[in-house]
Amino acid sequence: YFEYTPGVLRAYVKPAHLDALTFTLQPVLERSMGVKFIWGEVKELNGIERTATIQPMFVKDKEVIDFDFCVIAAGCNFGVFHK
């Protein structure tokens, strides 16, 4: 999920404008970059074998996947009380 934060105030006045400010990353990454987007939690990384044990969102069982490159997107916090 991506949000162009500086434009959010306009969306309060004109809620339909929110669609122009936000989009989900999965289709953009998969279409433009040819990567597989996995939404879930990495439980274990094995750099030597290039495998990751993951817990996908909304799935009960863990999976082991191979990777060429591993991007860890841990997010950020812009909260006013964040230290």
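Look a little higher up for the structure.
The structure reproduced in this document is the subject of the present report. For every chain, the first residue of the written sequence is number 1, and numbering continues from 1 onward in sequence order. The model is predicted, so local features are restricted to residues of pLDDT at least 70 and side-chain atom pairs to those at 80 or more, both for listing and for counting; the totals for chains, interfaces and linings are taken over all residues. In computing side-chain values, all of the structure's heavy atoms are included and hydrogens and water are not.

## Details of the environment of Val 42
Now for step 1: By definition, any uninterrupted DSSP run of H or I lasting at least four residues is a helix, any uninterrupted run of E lasting at least two residues is a strand, and each is numbered from the N terminus. For Val 42, the location among the structural elements is in strand 3 (residues 40-46).
Now for step 2: Separated by 12 residues in the primary sequence, Val 42 and Ile 54 have C-alpha atoms spaced 4.4 Å apart.
Now for step 3: Residue contacts are counted whenever heavy atoms from the two residues lie within 4.5 Å of one another. Filtering out sequence-adjacent residues up to four positions away, Val 42 remains in contact with Thr 53 and Ile 54.

## Re the environment of Trp 39
Now for step 1: Looking at where Trp 39 falls in the secondary structure, it is placed in the loop between helix 3 (25-33) and strand 3.
Now for step 2: Here the alpha-carbon distance between Trp 39 and Gln 26, two residues 13 residues apart in the chain, equals 8.9 Å.
Now for step 3: Dropping the residues within four chain positions of it, Trp 39 is found in contact with Pro 56, Met 57 and Phe 58.

## Brief notes about the sheet that holds strand 4 (residues 51-56)
Now for step 1: By the convention used here, strands pair only if DSSP detects at least 2 bridges between them. Taken in spatial order, the three strands line up as 3-4-5 in an open sheet, and their pairing is antiparallel. If you trace the sheet from one side to the other, it starts and ends with strand 3 and strand 5 (63-66), each paired once. Direction aside, neighbouring strands of the sheet carry axes that sit 30° apart on average. Axes here refer to lines fitted to C-alpha atoms; in helices the fit is confined to the stretch in contact. Angles between the N-to-C directions go from 0 to 180 degrees.

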